[in-house]
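What follows is each chain in one-letter form.
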Amino acid sequence: MTENQAFYKELGSHIKKARNKALLTQESLADKVSLTRTTVTNIEKGRQQLLVHTLVDIAKVLNVSIESLLPKQISTSIDDVINKKADSPQTQELIRKIHDMADWD
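Before going into details, it helps to say that this report is about the structure given with it. Residue positions are given per chain, counting from 1 as you read along its sequence in written order. In view of the model being predicted, local features appear only for residues whose pLDDT reaches at least 70, and side-chain atom pairs are presented and counted only at 80 or more, with totals across whole chains, interfaces and linings using the full set of residues. To get the side-chain values, all heavy atoms of the structure are used, and hydrogens and water are removed first.

**A look at the packing of aromatic side chains**
Definition in use: Working definition: rings of Phe, Tyr and Trp (its six-membered ring) pair if their centres are within 6.5 Å, and the pair is stacked with planes under 30 degrees apart, edge-to-face with planes over 60 apart, and tilted otherwise. A 1.4 Å probe rolled over the protein chains alone gives each residue an accessible area, and that area as a share of the maximum for its type sets the label: buried under 20%, exposed over 50%, partly exposed in between.
With the rule as written, the count across this model stands at one aromatic pair. Centre to centre, the rings of F7 and Y8 are 5.2 Å apart; their planes meet at 85°, and the pair counts as edge-to-face. Here Y8 falls in the buried class, since its relative accessible area comes to 18%.

Below, the structure is given as structure tokens:
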């Protein structure tokens, strides 16, 4: 998954949580922001990017700040990769050695 894909997936998840908290259906949110229900579904699943003004409209309807919908910074540091992907200390150490040899940042 690319950083952009991860960003939109997390953004969509935050929108869905805020929508559920506001007790709105996808259909009612879609109507209020002039989208289709399918578009809202795709946004919530991270399959569809959205324009800034649409994000603003969604935040207004859900009565939340834009910042609360945005994902926290998505990091792809080597330590994050190691912690998420390596299944043993030996694998973690090997990945660190390869990273150091390649001098990646």
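**Description of helix α1 (residues 3–21)**
Rule in force here: Think of it this way: any DSSP run of H or I at least four residues long counts as a helix, any run of E at least two long counts as a strand, and we number them from the N terminus. To estimate the expected span of a helix, subtract one from its residue number and multiply by 1.5 Å. Should any heavy atoms of two residues lie within 4.5 Å, those residues are counted as being in contact.
Relative to the 27 Å expected for 19 residues at 1.5 Å per residue, α1 spans 27 Å between its end C-alpha atoms, a close match to the ideal helical length. When α1 is considered as a whole, its buried residues turn out to be A6, Y8, L11, G12, H14, I15, A18 and R19. Looking at the buried positions of α1, the neighbouring elements they touch are α2 (26–32), α3 (37–44), α4 (52–62) and α5 (66–69).

In short, geometric facts, not functional conclusions.
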